Structures are given as C-alpha cells and as structure tokens.
Amino acid sequence: MFSLDNTTGILTTAADIDRESPIFQGRFTFTVLAKKEGSCDSKLISVTIDVTDTNDNTPVFSAQSIVGHIAENATVDDFVIFYNQRPEATDADFGCNGTVKYGIHSSQDGGMFGINPHTAEIYVSSGSEFDRESKDQYSFTITATDRDGGIGSFTGTASITIIIDDINDNAPIIHSTQNHIDLYENVTRGHLITTLSATDADEGANAEIVYSLEDDDGLFLFNIHPTTGELKVTSGHLDRETTETYELTIFARDRGSPSQTGTQSMTITILDCNDNAPIFSQNVYKFSVREDVGVGTTIATISATDGDVTKQNSDVRYTIVNGIGTFYVDSTTGAVVVNDTLDYEEGQTYFEFEVEAEDTGNPVLTGKRSILQINVLDANDNRPIISVNQNYSLLTAAPKGSIVTVVQASDLDSGNNGKVTFAIDPPQDSFIIDEETGIVKLNQLENTNEITSVITATDNGEEKLSSSLTLVVQVIEPDPGDTLDPLNFNNDTYKIDVPENIPGNSPVLNVSIAEAGLEYATLPDSPLFQVDVQGIIHTRERQHPNDQSSLLDRETSEQHVLVIVAKGTHGRQAIASVLINVLDVNDEPPVFPEGEEIFEVTEGDDWVGRTAGNVAALDRDAGLNGTVEYRIIGGNIDDSFDISTISGSISVKRPLDRESLNNDEIILTVQATDKGDPPLSSTKDVRIKVKDINDEPPVFTEDTYFGSIDEEQEGGILVLQVSATDKDLGSNADVKYRIISGDGGFLVDIAGGSIFSSKKLDRETKAIYSFVVEAYNPGVDWLNDTATVNITVNDINDNPPNFTNQQPETITIPEDTKTGTSVFRVSAEDRDNNDVNYRLTGGSCRELFSIKESTGEISVKERLDTIDRRDEVYSCIIEVTAEDDGVPSLNTTKSIDVNITAVNYFWPEFEATFLNVTVREGLRWGDPVDGVLLNATDADEGRNGVVMLEITDSSIKGLFNVTAEGQLIVNVAELDREPDNDHVSVNVSAYDLGTPRKYANVSAVVHITVSDINDNVPVPDDESIEVSIPQDTPLQTVVLNVTASDRDIGENAIIRFCLDERDREGIASLFLVNSTTGAITVNGSLELTSYVFYVNVENTADFEGTVNEFGKYNIKVNVTVISTNRHAPIFTEDLYELHVNDSLLPGHTFNHMLVMATDDDSGSDGDVEYSFKDHTCQAFRYVLTIDPQNGTVSVKNTLGEEESNRDCTIYATDSGNPPKRSNASLIIKDPDEPPTTPPSECVGVFPDNGAVVLTLQIITGVLSCLVVVLSAFLLRNRLHCLKTIQTKRARSTVSIHPEVPVDPKPKKNETVRLLIPAQLPARLHQVLDRNEAAMPPNNKEPVYQEINEQPTPAASVGPIRKPLPVSNNGLNGHLKRPVDHLTSARREQHEARPSGPRGGTLPPLQAPQNTPQHGKEKKLRKKKKRGQVHPKHPECRSDRDSGIGQDDSRGSFTDTPGPDSPKSCPDSPKAWPDSPKAWPDSPKAWPDSPKAWSDSPKAWPDSPKALPDSAKARPYSPKVWPDSPKLWSNSPKVLPNDHQTLPDEDSEVSDTEQVDNHEDIDSDARPVYEYDTEATTEYGSMLSL
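Bear in mind that the values here come from a model prediction, so they are computed numbers and not experimental data. (Residues numbered from 1 in each chain as written. Predicted model: local features only at pLDDT ≥ 70, side-chain atom pairs only at ≥ 80, totals over all residues. Heavy atoms only, no water.)

Here we come to the overall build of the protein chain. Counting secondary structure elements, the protein chain contains seven helices and 105 strands. Counting the 1585 residues in the protein chain, one finds 45% classified as buried. Partitioning the intrachain contacts of the protein chain with sequence separation of at least 6 by distance along the chain shows that 71% fall at a separation of at least 24. For the protein chain, the exposed area adds up to about 80,100 Å²; of that, 48% sits on carbon and sulfur atoms. (Helix = DSSP H or I, 4+ residues; strand = E, 2+ residues; numbered from the N terminus. Buried < 20%, exposed > 50% of the residue type's maximum accessible area, 1.4 Å probe, protein only. Contact = heavy atoms within 4.5 Å. Areas by Shrake-Rupley, 256 points an atom, 1.4 Å probe, with all protein chains shown as cover.)

Here it is in structure tokens:
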C-alpha cells in the first residue's frame, strides 16, 4: 500500500487506500530499516500510519424493503413493531461521516408516522387514527443521511410497509329477516326452524363466529349449531297449552380477545295441534226425574273440557254410546233431554247410559267415557180404581151396624201416591164407611125402599186424585105373616193371622152360621180367598195343579179385608168382615238399587279413616227378616276397606297405592244379608276409583345408559335418550331431567331426556365421558332417581402418524460405516391407536439405506466410501413415510438430512497460546484489537483440515469476537470500560471442520486491558434537594453539599460545580457554590422565603464520547428560610383557680382572674394566643371560653346538668414558624372551697370569701436559711399542740349534736349505739361511704338509723406496699392505693353527686363485705369535745368538711385528685381532720414529728430528684408536702376502716417492693370517729370522720 524512497526516506502511497477495508481497518503499522550506506550500522524504526476518514460511503439499510406491524387501535407515539428486520442503516465511515440520521420521505402514507432520527424507531404521529377495515396497510420511504445532511452527505433509502394488525373492534352482525316464526307444537326433535348467518368485518380469529342461544326461556327446547347457525328444535315437548311464545336471543360471538357479540331477538309462536282429548268433569253423573216430565225437557247437563286452545281443537261434541232412546244428549251443549214419555208404573224406574265426548279437531280425539245414571221418580198420575158391586139389599129389620159391603180400591202409583182412603156422601147418614178398610156399615135405616150413597176413593199424592161409585141398597120388607129370624154371624168382624207362605186351599177361618141351607160368598169375589158352603174360608189354589205355593204376599199387601155374606131364605142375609193379617216369612232377599255404584278416593295416608261412600240394600220383609247387615266378601285387596255392617258405609282402612291397582280401581263385592231364618242375601259390585297423588318417584328404565358419538362433530348432536317413568298420573307423572355431576361436554333435554353434545369432542383428549342424570318431579315433594350415563367417543382416523420430537432432523455417519449397520431409528405415534408402518419414499440417497417396515430402523444398505464426493461431507436426504392402517389410511413424511463425512485424523494447534494487549475504549463494532492475530493449523486435508476459531470463554461475555482469519474484533456497538470492563480475559478455541469435529488440545488466552477515555458525563446523586435554614444563619455557613459521580476514572472523572447561568445574577449575591466540593454557603442577607436555583454539574476534561451521549445535568436546590422561634410561651402560673357559683349567666366575664403567658421571642414569634384544649372548657355547670388575645375567661353557656369535671387545660401558642405551645391548668371551685395549693404548716390565717387559707412558700437558693428557721418554729408549735392533745385525751368522748339522741355512756366492752339523722347532706354520705344506689328516697322528716360499734382489740396489720413517689395524684398518688371507704366530701359533690338534692336517708352503716376487719366493728373513742377550735392553738383548727382517702361510688379509687381533695392539700385547716381529739398522740403518727417531717431525708422517700418539675411548677412537690410517708404508708393501721392495701391493677410496684416496717398499733394509737357539734347543715348534724 506504501512505497519508500530508499534514499530520501519519503514514504508515499502505492495504491488507493480505503479506511473501511476490513484488512487493516484504518491503521498501518510496519517497521522501516534505516541503514547508512557503506556502513554496517542500522536502526529499526516503527511506523504507524492512521488513515483519517472521508465521507465516501453511503448509509446502507439492512434491507431495501422492510415490513412492520402496528395494531389498528394504536395511539400517538406507539411504536411500529418489526418482527424480522428493523429499519437500521449502517455507514462504513467513521465519526460524523458514519453517524446517520433517519427521516421519512414525504408521502401521503408517511404523514401517519414519525421516525426517531437517531434510533430509527417509527411511531404513530399526532392525529393519526387507523381502521384496518378501511385501509389495511401503509407504504412510504425512509432515509438515512450521514453528516447531519450537510455538504458532502450521502443518503440511503428503504421502502417501509406497515401492516395494520386487526383488533377485535367489530361485533358480528346477524343477517336475518325473520324475527318472528310460527311453529306447530307437534314438530319432532331436530326440526330445522331457520338458519342464521352473521358476518364480522374483522379478520382471522376476530372474524370467526360462534352462535349460541343463551336465554333460559328456550333452554333445552331449541338449539343453534355453533358454526352453521342452524336453529333447531331439540326437544319434542313443545306444548302450546303451556307456553304460547318463546322470546329467544341469538348470540353471535367472534373468537377475538376480548370477544365481541352481536345479538338478534327472535319470537317463536307455538301453533296449536289437536293433542288433547276431551275429559269429562265426572266419572259418573247421577240425576233424578219425575215420570210426568214432558218430552223435550232438559233434566241435566254433562260437561267435558279439552286442553287445546283453538276453537276447532277444543270444541266438544257429546253422544250417548248406545244410541238415542228414552233420553238423548245435546251434542253441542251436553244437555240431557227427555226423548219419550216416562211411566213409572210400566217399570221405567232407572236408566243407565255411557256417554262419550269427542273434539272437532283433526284428527278427532275421543276422551274417556262417563256413566249417566237417571232415576225416574213416581208421579201421582193414576186415580184409584174402585172394585165393588153397586147394588145391595137390606131387610127392614136389619140392625144398626150391619155390614152392607166392603169397598176395595187400587192405585197403580207407589208410595203415598198409591195409598187410598175412602169416604161416603152424604156422611153419617144411612151408612158409614171405614176410610182405610172401606167397610160400609148401616148407620140408620130410612123409611124408603132404596138408599143411594156415593162412595169416593182418594189417593194420598200431593195433588190428590179420586174416583167415586154410587152405592144402591134395596130395603126389603118381609112377606106378610113371615116371622123370620134374622141371620147373624157370631161376630161382626173377624180377625185372623196367617203366614204368607200358607199353601193353597188351606182352611183359614170358619165363619159359619148355625142354620142349614145358607149360602156363603165373599163380596167382592177375592182372588186370594174363597169360602165354601160350610162357611169355611180357604186360600185359593194356583192354577197349576202341581204348584202348591201360596198366593199371599205380605210384601204386596200385609192385610186383607173380606166381606162374607151368608144368604138365607126370604132374602135374609148376614154380612161380616174378616180382617186377615198376613204374617211375614223370610221370602224376600235384600235388593240393591239398579245401576253401578262408583266411589272415588285418593291414594295415600290422607284418606285413611275417611268414608268412600254408602251402599244400601232394601229387604221388603219385616222385622228381622227385613233387617240387613253388610259385609265385603270380595275384591278387598290387602284388606284396604272396611264397611259398616249396619249403615253400609264403606271407609278406607289402610293407605291405598293406586299404582299397584288394575285400571286404577278396586271392585269390592258387598253382600247384604237379612236376619231371617234362614237368612237371605244378595251381592253388588262397588267400583272404587283411586285418584292419584304424587307419591312415586321417576324410575329410569336403566341404571346405566351407554352411548357413543363420533369425535370431531360440532356440539348439538343427539347421542341418546334417557327415559324415566313415573307411575303417577297427570302432572304428578311429569318428569324433568338434569345433569347433576360428571365430566361435562353434554346437555340433557329437561323435558325429554335427550342427551346432546355441547361441544366438539376429541377422542384423543378424552375417550369416555361419564356423568349422572337426575330425573325428578318438579312438584313440592322432590322425588327423584338417578342414572349414570357413559358415552364413548368413537375414534375416526383423523390423526396421521406423528413422528416423535426426540428424533433429530439430521444424522451424520462416517464414510467407513459398514453395510447392515443400524444408523438411525424413526418412531411415529398414531393418536388413533392405529398400527404404523414405515417405508423410504424418496430422497437423493434413498438407494444407500433400507428401513424395517414395522420398527422404523434405518440401516446402511450400500458401501458409503464409494460415493463420488467433492466435499469432505457428502450431504443427501432420505424421506421416511409413516402410514397408519386406518380407514382411510393417513400418512406423514419426514425428511432426514444425512451427512456422510470423511474420517478426521488430526486436531488443530495454535502457534501462540498467550497474548497480553491494551486497547482504548470507544472502539466500535468490528474494530480490530491491535496486536492480536491468532493462527492455528490442522494437518488434515480438505474440510478436515480447515480450522475455525471461536471464543469459548470470556470473563465478560460478548465484548469480543474472533474472525476466521484469527483477528480479535470488538463485538459490541461501542467498547465501554465503565461497566467494569477494564480487564477482560478471552479464551479462543480452534476446531476443524472434519467429522467428527476435533478441537485444539490447548486454547489461546488473550488478556486485554481497556484504557479509559472521557465518555461519561457527571450525574448528580440527587436531582432535587430541599433544605430549611434559619433566617439568621451566619455568612459563609455551609447550607448543604451537592454531589455527583462520574463513571470515568482519573482526570476524566474530575467534576466541577457552578451556578446555572440563569441564577448567577440574583442567587450569587445570596449563595456561593464551591466548584470543587459542591458546598453551598450563605453569601448574603436572607428573607423569609424560598430560594430555588440550579447547580450545574460538569467535567473538567474534554468529552470524548459520542454526541448523543453528551449532556449536562443540573441539581435543583430549594432553600427555605424559616423564622427563628426559640422560646415557648411561659404562663405566669401553672395553676389557675376560678371560684364560681350556680347563678352565673352566659356572657359573664371573670375579670378578677387573668390568664397570662410571656414569650421571650421578638416579633410575631413572641405573639401569644390563648385557647382551651378542647376549644371550650366544660366543667361544673358551665361552658367557658377564653379570649385568645387577653386571656380573659367568660361563660359561654350553661350546662343542663352538673359535670363531674372540674379542671381544664389552657394552651398558650406563639405565632412562630413552627409555633410553640405551653399549657397550664384551670380548676373550677365552689365559692367556699379552699385554694388548691397545699400549705406545709399552720403559719397564718387569711380571710378569702369567708374561708381560711393557709399559705406556705418554701424559698430555695439564697433563702435556704429562712427555711431552717421557719421549720424549727413550726415544729415547736406542732409539739405544743401534741402535748395538749395528749393531756386531754383521757377525757375525749364522742360528741354529737344536742338534737340527736344518743344512748347513755357505754360501759367497757359494751356496744356503742349511735343514732344519727338519715337526712344528711350528700357530702356526709360520702364520708360514711354509703353507696349512692343504696340510698332510700329523700324524707322531709329526719329518720334516725342506729350505728353499733363493737370495741375491737388491738390487732397486727400485714405488710403493706412501699409508698410511691409523690406526683400530681396527691395523697392517693402518695399512698398509691388509699384506704377503702373514706372519701372526700367536697370531691364527691361533683364526681359522685347523688341523684336527688343534698341529703337523704342514710342506710345503716355496715363494714364493707370485701374489706378485712380488725374486729367485727371499729372501736369508737369515748372522749368528748364540744368545740371545734383548739382552746390554746387556734391555728390548729380542724374543718368539718375534711376527709381522708378518695373513693368513688363503687369503691374503686381515682388516682387523680380533685382540687379540693385532702390528698391535694392534706394540711389545709378546711380539709384536714386534725381535731386534737381525733389524732393519735403517738409521735410516730404525728405529721410534725421530726421523724415524719416531709423534708427529712430519712423519712421522705421521694426526693426532689424523683420529680421532673421544680417546687414552683409542682405545688405538690415533696419539698412542700407536709406528710411523712411513715404516717401514710401505715395508714391502714390507723384508719377506722383500715385493711391491708393491695396494689392497683396498673401499679408498677412489684411484690418485691413490699416493706416490712409495719408496726402494731395499740388502742391508744388508733383513730377515732370525731363528731363535730359545730358542723351543722339545714338538715341537722354533719358527721366528720
């Protein structure tokens, strides 16, 4: 490439130099030998020539035509996706010559997109919207231009096609013009209703449509094929009578994600078919009709209903099955009409017909027949017929009462209609007649030759009918001179009884007259009797000579009246009546009524005991012969019925099962038997129809059903039908079906039991489906049965053999492989379980190999080393076909690449195995690593000797690659040292191309050191920093430090900080930035505001990285100047007291008390505002407010009830930023309550609203001497008081008010009985520890209760808790747990005030049940004191309202003392129960004892060190507390209701802190109850303890 003038040393180019040539890649390195002519001296000079770049290369895209994709719903700035090739261009030039910028060549389509000029990422431009259905692709040209498009730049182009990928933005549209379809109800399963078609404007899966029917209205009745859209009837159970219309919604869903759905509503109207036969309303119709009803009269109506809905199918026609006779039925109305005259007397008493109902549909349907029973009732339509001779004669000498004749009459009617009575006209004249027997007798004989009378016979019907006859009697005078004796029977009337079965010609009665020659006859002639010439009456004989049976029938006539006439000479005659009573014999069996007896009952338990119906049989006999008894003699299955023997009532005896009966009925044979001798009987079949109830579950015809279906069929295919039967009838037998468990994939027709596939099935996925089908009654009683359905999916040969995945696509075998050697085995599986055979079907080297048909094993058939090869590897193909034996047969062919290789004997070797080089970072992809050129050789020939290099290992993966020529090159876009890439070790391996491939035994190792360039800009550690500083921050104070880091090293990593140009004018006068450290300091006077400015971060070295990596960073700094609020407000007092009464009004201001706080800050930081903790103070009876400016407290409002709260918190808040706050306490008190601040001793009495206030100030510091003097003075006064009390102690007794009666002075060990008024103030109640809830109602008159106190011997007291440090809890806090049942009276006024007014009835005092006692009761001191003030020491006065301890109404203690509690001020004269008589005399118990003095370091456990506040802040500080812990810690021994104190539940004192310094106190050391006579109230005495 270069030539050197050997004389001048001028180096010149010898050929065109191309920097981009891969041979030297921009740099030439060679050695020049300089040698002086004629001398042996020489010198080697190393020459390196860098070739600078010129822009001589055009950017080249990776492809000239590039296809990208973007979704049609893409929005602005969404990127186009390129799956195969990205639109990237490369430029072989260097630097700016090789840096390209991308652009879009202006075109119509290109305006929809934009391109990143640096990365070539194509994105959607603003305002672009796509709709694939309108335009599915866009085309435009992109450009790549070097040198920023400046002078001398080159531009490359590529064609871009953007495919708009479909999204599922279009719902399917169903195209159907039929929205209403009429369908007959009798269509069969599978009937095609219509075929729907839908289209979807999308493509692919988004346009694949699946149809479904998802309305419950037509569930299981209709089905739509998912792919064809065929809407079919899936059940043959359409019923117009149940449902007239079905509203279906057809869904067409595409397979997109998410799916889009189109719908269409369809109404199917079910048309009626004649599928219901008429049904009679009754199984038996029973009617009655009088015989005199006229022809054409409608006597009843029968009816039947047809369940069909159309008139044609539901109209009913009626007929009598056996034709028209006496009656007929109107075919249209069902009216039963008389068709002929009726005559009861002719035997037309009962008719029975079968009636039939049929509809007018097509075909005509006939229902079940019904029975029509008609009873014909007798009508009074026949007159009596008189049978008697009309002419008779009498002698004039006939006596009165002589029988003239007997009138007989008959009436064809029955019952009362046939009963005849007689009458004669004129009545009571010549003759009289018996109205029942018809005997006509002589009443008086008139003087006439002939007597005429009219005889009338009348029946007894409702409309009476009669007949009449004229009776003519001749009066005969005897011949003159004849003296004839009259003829007379022995009796005018004879009576005789004869059995009805008397034989013919049997003598019955002799009525003869003792005169010869008389003739006897019966009037009229009797068909049953005759009289012979001797006057003997005989029964007549039957005409048949052999028939000797009687003609008498009692059932026809039970009495016969005969008129016997005896005729003598000269017209003489005698008449007598014979009454023959026919005696009954049992000759008539019981007779059942004609026609069928049909009763109806219901199966099941409900009918047990109920009456099904009554049967009755008539026996015409009389007496026992006519008494009928009933019994069932046949058909009584399982003894299910019972019958009353007397009434014939048939009742259900046991539950019936209709399903077990034949024809749903039971036919009972009922026998009716009389009681005659012998008894006679008759039988009748009674049909009992058993109605159905839903008591039978459906029963499947099979326990397990088996079916099959071919795979790959769409859903909706009928597989089989399950069937269950129900023995019940009607709706009780309706059976529904459902699938309750199983594998799925199938649906069941709810009404018909048809099993359908619900989806396409694949046998290879699942071969057998099993599920459980339930058949059930939809009624109230859920009756069901289950069956298992097993459906086998039939295989079709739908899967060709599939070669297994484990088999490689290429096999390589050496050329020296012997024939017959197995080199490979193919294997294929057939999911249809068919057998697979293999054969070689093609390929370039098919003839070299063979295959075993059954196993697929491939073997070498011919010698391989005979191949005429030109390469080291001979590649060819064999094709193997796997074929199944299914029908039709399916096959799969697989191509296998066969590489027959030459034998490889040697392995490559490197000339050098270790290199160490240094390379500068910033090299681009493909740049060589100078000094690294690896060379490896292989002794083989051909491909076996061709050596290839590869990097097998690298300490940092992917940085370098190696070329085939052995040159190590950069393998990344730019070599960057900063991700810890400063040292890289690369292992290069060499291998040949032989078969098998062989590798060099030793790899080459290259160690590369990457040197740094300044290619990284400094990056701030925080992009934004905020800080707050006081306004008075001194100058040059460092406010904060900004920091940054640079990934480079050495000089390239030196960072410089400076203010941004836009901030340098204003901010520089206030803040300075150290360019090296980044420290920001105050440089001027600051205002109360926020300063925002920016600090730039820069390198000191020149940037050597790429242009697009260069950038400057800055740090946003926000400095907030805040106020200097150093002091919190300080109240002038820690505790403010406010005395109020009950009568204040809203608006009242407490001017005498002023809350004040000071703040040492200046300006607004020192401005103070006042407020209550809860905005207002609710205490006592008022709502208080405080003036925020001057601290004045006023009444805002009053409370309805007194609050127990007596203290509030006051805040004093300044206006600083941030504000500071302090608090003080405000205590609300009654006007007469003492101050809260506890005095340490009785040093003075000052008037304040009538109260005595003892004040003590303990002066510390410089006044400590005064404390010592004052303490000594007070000690002397206390000792003097003690001595006085001890001298008077012996005379100390209980003092009570004079008006309270008291028992005389008790003797030793005698019970002290004290009577006190029960109406005492509430405070006293608390002193005596009375529970508020136990107090009786207030009484206006004092009620005295008796207090019995028993003397108590001295007793020792167990260990007590060690006293705890004093806190704001006062005395209770000091004691930790005070003694029970002694309470502060004033405290309880606002914390446990009784519900009534002050005072009340005090229940008897009792010791607390849960308190340990020293004896049954406490011992009372019997010493008496009349005055309240010590006679010599008025400063030691005791107050009537004092108390010890604190107790609420439940006996639990409150740790926080009230402002007036003794525990807050135990030495106050108003609060301290220290009457000289009340205090024990022992120095151990006296609070002024030197041992017990509060300031004694030995006696006081709570030193000031234990309290955080000074005596000034804490008025209850140990330094000002007067009580010795020795006195109070042992208080359980000295208080009246003492007991061993236990720790509170929340006490922090453990059992180990108990002390054993307790003492036994004798009787002189025990306290007393003191009754102060001067402590009185409006109710009487006040008792103080």
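Structure shown, so let's carry the discussion forward.
With that settled, consider the environment of Asn625. Tracing the backbone through its elements, the reader meets Asn625 in the loop between strand 48 (611–614) and strand 49 (628–634). Overall, Asn625 belongs to the buried group, its relative accessible area being 15%. The residues contacting Asn625, other than those within four sequence positions of it, are Asp584, Val585, Asn586, Asp619, Asp674, Gly676 and Asp677.

So, about the packing of aromatic side chains. Aromatic ring pairs are described here by two measures, namely the spacing of the ring centres and the angle between the planes. Applying the stated criterion across every chain, the model contains 23 aromatic pairs. Where Phe327 meets Phe353, the ring centres are 6.0 Å apart and the plane angle is 70 degrees; that geometry is what we call edge-to-face. With Phe327 in strand 27 (residues 327–329) and Phe353 in strand 29 (residues 350–359), this pair connects stretches of sequence that are 26 residues apart. Of the two residues examined, Phe327 and Phe353, each falls in the buried class. Centroid distance Phe746 to Tyr769: 5.4 Å. Interplanar angle 75 degrees. Geometry classified as edge-to-face. Residue Phe746 is found in strand 59 (residues 746–748), and its partner Tyr769 is found in strand 61 (residues 768–776); the two are separated by 23 residues along the sequence. For Phe746, a relative accessible area of 5% corresponds to the buried category. (Phe/Tyr/Trp six-rings, centres within 6.5 Å; stacked < 30°, edge-to-face > 60°.)

A few words on the state of the cysteines. Here, the word disulfide means a covalent bond between the sulfur atoms of two cysteines. Taken as a whole, this structure holds two disulfides when the rule is applied. Disulfide pairing places Cys845 opposite Cys876 at an S-S distance of 2.1 Å. Between Cys845 and Cys876, the S-S torsion sits near 80 degrees, and that sign places the bridge as right-handed. Highlighted residues: Cys845 in the loop between strand 67 (836–842) and strand 68 (849–851) and Cys876 in strand 70 (residues 873–884), separated in sequence by 31 residues. Numbered by position along the chain, the disulfide-linked cysteines of the protein chain connect as 1-2, 3-4. (Disulfide = S-S within 2.5 Å.)

Okay, the sheet that holds strand 62 (residues 784–794) next. Taking strand neighbours across the sheet as the criterion, the four strands line up as 55-62-61-58 in an open arrangement whose pairing is mixed. Lying at the two open borders of the sheet, with one neighbouring strand each, are strand 55 (704–710) and strand 58 (736–742). The sheet shows a mean angle of 30 degrees between the axes of neighbouring strands, direction not considered. Examined bridge by bridge, strand 61 and strand 62 share nine bridges and lie antiparallel to one another. (Pairing = 2+ DSSP bridges. Axes fitted to C-alpha atoms, helices over the stretch in contact; angles between N-to-C directions.)

Further remarks concern the pairing of strand 26 (residues 316–320). Of the two faces of strand 26, only the one carrying Val316, Tyr318 and Ile320 is buried; Arg317 and Thr319 on the other face are not. Relative to strand 29, strand 26 is paired through five bridges, and the arrangement is antiparallel. Considered in strand 29, the bridge of Arg317 is made with Glu358.

A word on the pattern of salt bridges. Going through the model one piece at a time under the given rule, you end up with 37 salt bridges. Residue Arg290 is joined to Asp292 by a salt bridge in which the shortest nitrogen-to-oxygen separation is 2.8 Å. A relative accessible area of 43% places Asp292 in the partly exposed class. In this structure, the salt-bridge partner of Glu774 is Arg738, at a minimum N-O distance of 2.5 Å. Within this pair, whereas Glu774 is found in strand 61, its partner Arg738 is found in strand 58, the two being separated by 36 residues in sequence. Judged by relative accessible area, which is 4%, Glu774 ranks as buried. Three or more residues are tied together by salt bridges with common partners; here these are Glu603, Arg658, Glu659, Asp664 and Asp692. (Salt bridge = Lys/Arg side-chain N within 4 Å of Asp/Glu carboxyl O.)

As summarised here, the arrangement of the four strands in space is 82-89-88-85, forming an open sheet in which the pairing is mixed. Edge positions in the open sheet fall to strand 82 (1024–1030) and strand 85 (1055–1059), since each of these has one partner strand only. Taken pair by pair, the neighbouring strands of this sheet meet at an average axis angle of 25 degrees, ignoring direction. As defined by bridge partners, strand 88 (residues 1090–1099) adjoins strand 89 (residues 1113–1122) across eight bridges and the pair is classed as antiparallel. Counterpart to Val1097 in the pairing with strand 89 is Tyr1113.

Okay, the environment of Asp1048 next. Turning to its location among the elements, Asp1048 is positioned in the loop between strand 84 (1044–1045) and strand 85. For Asp1048, a relative accessible area of 4% corresponds to the buried category. Measuring from C-alpha to C-alpha, the distance between Asp1048 and Asp1015 comes to 7.3 Å, with 33 residues separating the pair along the chain. Those residues in contact with Asp1048, other than ones at most four positions away along the chain, are Glu921, Arg977, Glu978, Asp1012, Ile1013, Asn1014, Asp1015, Asn1016 and Ala1053. One polar contact links Asp1048 to Asn1016, side chain to side chain, over a distance of 2.9 Å. (Polar contact = N/O pair within 3.5 Å; in protein donor to acceptor, adjacent residues only side chain to side chain.)

By the alternation rule, side chains of strand 64 (residues 810–814) split into Ile811 and Ile813, which are all buried, and Thr810, Thr812 and Pro814, of which none is buried. The pairing of strand 64 with strand 71 (residues 891–901) spans five bridges and is classified as parallel. When the bridges of strand 71 are listed, Pro814 appears paired with Thr901.

Before going further, it helps to examine unusual backbone geometry. Residue Pro258 is reached from Ser257 by a cis peptide bond, and omega for that bond is 0 degrees. Note on placement: Pro258 falls in the loop between strand 20 (245–254) and strand 21 (261–271). Along the chain, Asp677 connects to Pro678 via a cis peptide bond; the corresponding omega equals 0 degrees. Looking at where Pro678 falls in the secondary structure, it is placed in the loop between strand 52 (665–674) and strand 53 (681–691). For Asn833, which is not glycine, the phi dihedral falls at a positive 65 degrees. Positive phi, normally seen in glycine, also occurs at His1175, with a value near 70 degrees. As for its placement among the helices and strands, His1175 is situated in the loop between strand 94 (1168–1172) and strand 95 (1177–1179).

Nothing here speaks to function; it is geometry throughout.
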